[in-house]
Amino acid sequence: MNILLTGGAGYIGSHTYCELIDKNHNVIILDNFSNSEKTVLKQLELIVKKPVEYIEGDILDFSLLKKTLSKYKVEAVIHFAGLKAVGESVNEPLRYYENNVAGTINLLKALDAAKVYKFVFSSSATVYGTPEYLPIDEEHPLNAINPYGRTKLQIETILKDFSCSNFDMKIAILRYFNPSGAHHSGLIGENPKGVPNNLVPYMMQVANHQLPFLKIYGDNYQTPDGSGIRDYIHVTDLALGHVKALHFLNSTQTPINIFNLGTGKGSSVLEVIQAFNKACGVSIPFKVEGKRDGDVAVCYAKNERAKKVLNWQPVFSLEDMIKSAWKFQQKNKIS
Ligand code: NAD
Ligand code: UD1
């Protein structure tokens, strides 16, 4: 299949690229490199051992999208391009709505014009807001609590409405839990710009002595060890979920297909620290701080639908995630 990856140079897109090439798809990346580096493309070439086709461009550029879909005879789009920092979205909501929501509308208009009918969207467990029950299934009420989350929720609504107006359209909405880890080669991984917000990349920089200590945001949650619990999923398992979702869209008649992509298992912040000590032999200095605004105590997925319908099964452990993230960090001496 000829597949366009918007945001394909980013963290999850680049790992998905490798898995799609492995399954012999033709893949073209479109990215404006606002949150990624072109060096990723060279790394991808080392992994897949062939030239990477890419376009430097923006999903807000309608004529570029139209030209790209036609030139490469695109049959399916996986839409990763988006801004994703929660704090930034609070300070710059309009930039988030323009890039994420207007950008997606633009992309859908181009798809419609080019008669491209398969679409996979990167959504997030953030659309569920504060969990009302656990594990979180796809029917859980939706209640995003920050502008970033609301862009994801609005896009999901737009996709549902769009699918009702276009009966050929087959859409998969993938709600990721906490993507972590890196490619087994150590050549690509998560490399956030500035000080990381998320636990695993922050921890890697502490281990690398770029940051003095890890701040544990809260140790008196109603959890066994008092620290927050999340569902960390290896980025390669996540990437394989996209491949399965795409293949599924070839066979389904259902217009909208929503899947949680998580392991179904929660790990606490302290367990992640212990896993790092165990897997990499490095101890992480930490201090307990107050709870972070907007954080919930516990969040993990019910992933039965993805397992059953997509025939997808996450295989990597927390140790695998930590080890691979550390390999990437060391190999690339990220600063
Ligand atoms: P990322 O920032 O590493 O990748 C996104 C890529 O999109 C970047 O390469 C960036 O340059 C590009 N991009 C952004 N706006 C663009 C635009 N207007 N035009 C073209 N390219 C653009 O992020 P990621 O972690 O790989 O996330 C991919 C998607 O998954 C995002 O939509 C994100 O919201 C979603 N998601 C991520 C997580 C996570 O924890 N990483 C969790 C849930 C959902
Ligand atoms: C965060 C975002 C969420 C987004 C997701 C993926 C918030 C409130 N939520 O989720 O919207 O979809 O990232 O990008 O920002 N922790 C520490 N110290 C740190 C960092 C994190 O103790 O330095 C703790 C957190 O309190 C949490 C866990 O580690 O319990 C995981 O945090 P993080 O990696 O930021 O992910 P989420 O909070 O789940």
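Preceding this paragraph is the structure being described.
Calculation notes
Residues numbered from 1 in each chain as written. Chains lettered and ligands numbered in written order. Predicted model: local features only at pLDDT ≥ 70, side-chain atom pairs only at ≥ 80, totals over all residues. Heavy atoms only, no water. Near = heavy atom within 4 Å. Polar contact = N/O pair within 3.5 Å; in protein donor to acceptor, adjacent residues only side chain to side chain. Areas by Shrake-Rupley, 256 points an atom, 1.4 Å probe, with all protein chains shown as cover. Helix = DSSP H or I, 4+ residues; strand = E, 2+ residues; numbered from the N terminus. Nonpolar A, V, L, I, M, F, W, Y, C, P; charged D, E, K, R; others polar. Phe/Tyr/Trp six-rings, centres within 6.5 Å; stacked < 30°, edge-to-face > 60°. Lys NZ or Arg CZ within 6 Å of the ring centre and 35° of its normal. Expected span 1.5 Å × (residues − 1). Buried < 20%, exposed > 50% of the residue type's maximum accessible area, 1.4 Å probe, protein only. 1 Å grid on protein atoms, 1.4 Å probe; cavity = no way out; pocket = protein on both sides within 12 Å on 5 of 7 lines; lining within 4 Å. Points joined across faces, edges and corners; volume = space filled by probe spheres on them. Axes fitted to C-alpha atoms, helices over the stretch in contact; angles between N-to-C directions. Parallel < 35°, antiparallel > 145°, perpendicular 65-115°, else oblique. Left-handed = near helix turned anticlockwise from the far one by under 90°. Contact = heavy atoms within 4.5 Å. Lys, Arg positive; Asp, Glu negative; His and termini not counted. Salt bridge = Lys/Arg side-chain N within 4 Å of Asp/Glu carboxyl O. Pairing = 2+ DSSP bridges.

Draft legend 1. View of the site of ligand 2. Ligand 2 sits among 19 residues. The nearest are Leu199, Lys215, Arg230, Arg292 and Asp295. Residue Asn178 places a side-chain N or O atom 2.9 Å away from an oxygen atom belonging to ligand 2. In this structure, an oxygen atom belonging to ligand 2 sits 2.9 Å away from a main-chain N or O atom of Leu199. Calculation on ligand 2 without its partners gives an accessible area of 750 Å², and the protein chains cover 88% of this total. Counting only elements with at least two residues in the shell around ligand 2, the list comes to α7 (199-207) and β8 (214-217). Residue contributions to the shell around ligand 2 peak at four residues, all from β8. Of the residues contributing to the shell around ligand 2, the split by class is nine nonpolar, six polar and four charged.

Draft legend 2. Expanded view of the packing of aromatic side chains. Tallied over the entire structure, the rule returns four aromatic pairs. Summarising the aromatic geometry, the rings of Phe33 and Tyr54 are spaced 6.0 Å apart at their centres and angled 85° between planes, so their arrangement reads as edge-to-face. Here Phe33 is found in the loop between β2 (26-31) and α2 (39-48), whereas its partner Tyr54 is found in strand β3 (residues 53-56), with 21 residues between them in sequence. For Lys287, the ring lying beneath its charged end belongs to Phe213, and the centroid distance is 4.2 Å.

Draft legend 3. The arrangement of helix α8 (residues 235-249) in detail. Here α8 spans 21 Å end to end across 15 residues, near enough to the 21 Å set by a 1.5 Å rise per residue. In terms of burial, α8 is largely enclosed, as twelve of its 15 residues are buried. Within the span of α8, buried status applies to Val235, Thr236, Asp237, Leu238, Ala239, Gly241, His242, Val243, Ala245, Leu246, Phe248 and Leu249.

Draft legend 4. Structural context of helix α1 (residues 11-22). Under the 1.5 Å per step criterion, the end-to-end length of α1 is 18 Å for twelve residues, consistent within 8% with the ideal 16 Å. With eleven of its twelve residues buried, α1 lies for the most part within the structure. Tyr11, Ile12, Gly13, Ser14, His15, Thr16, Tyr17, Cys18, Glu19, Leu20 and Ile21 are the residues of α1 that are buried. Directly after α1, the chain includes Asn24, whose backbone phi takes a positive value near 70°.

Draft legend 5. Region of the structure containing empty space enclosed by the protein. Tallying each qualifying case throughout the model produces two cavities of 30 Å³ or more. Size it by volume and the largest cavity reaches roughly 70 Å³. In this structure, the largest cavity is lined by Tyr11, Gly181, Ala182, Gly189, Glu190, Val200, Pro201, Met204, Ala325, Phe328 and Gln329. Breaking the lining of the largest cavity down by element, the ones donating at least two residues are α7 and α11 (318-332). Split by residue class, the lining of the largest cavity holds seven nonpolar, three polar and one charged.

Draft legend 6. Representation of the packing of α7 against α11 within the structure. In the contact formed by α7 and α11, the axes pass within 10 Å of each other and the chain directions differ by 55°. Here α11 runs oblique to α7, going by the angle between their axes. Pair α7 / α11 crosses with right-handed handedness. Touching Val200, Met204, Gln205 and Ala207 of α7 are Ile322, Ala325, Trp326 and Gln329, all from α11. Split by residue class, the contact of α7 with α11 holds six nonpolar, two polar and no charged.

Draft legend 7. How the structure looks around the side chain of Glu19. With respect to the helices and strands, Glu19 occurs in helix α1. No salt bridge is formed by the buried Glu19. Its closest oppositely charged neighbour is Lys23, at 4.5 Å.

Draft legend 8. Molecular detail of the sheet that holds β3. An order of β3-β2-β1-β4-β5-β6-β11 is seen for the seven strands of this open sheet, with the pairing classed as parallel. If you trace the sheet from one side to the other, it starts and ends with β3 and β11 (256-261), each paired once. The sheet shows a mean angle of 20° between the axes of neighbouring strands, taken without regard to direction. As paired strands, strand β1 (residues 2-6) and strand β4 (residues 76-79) are joined by four bridges and run parallel to one another. Within β4, the position partnered with Thr6 by the bridge is His79. In the packing of helix α5 (residues 93-114) onto the sheet, contacts are made with β1, β4 and β5 (118-124), and the angle to β4 comes to roughly 175°. Docked against the sheet, helix α6 (residues 147-165) engages β5, β6 (170-176) and β11, running at close to 155° with respect to β5.

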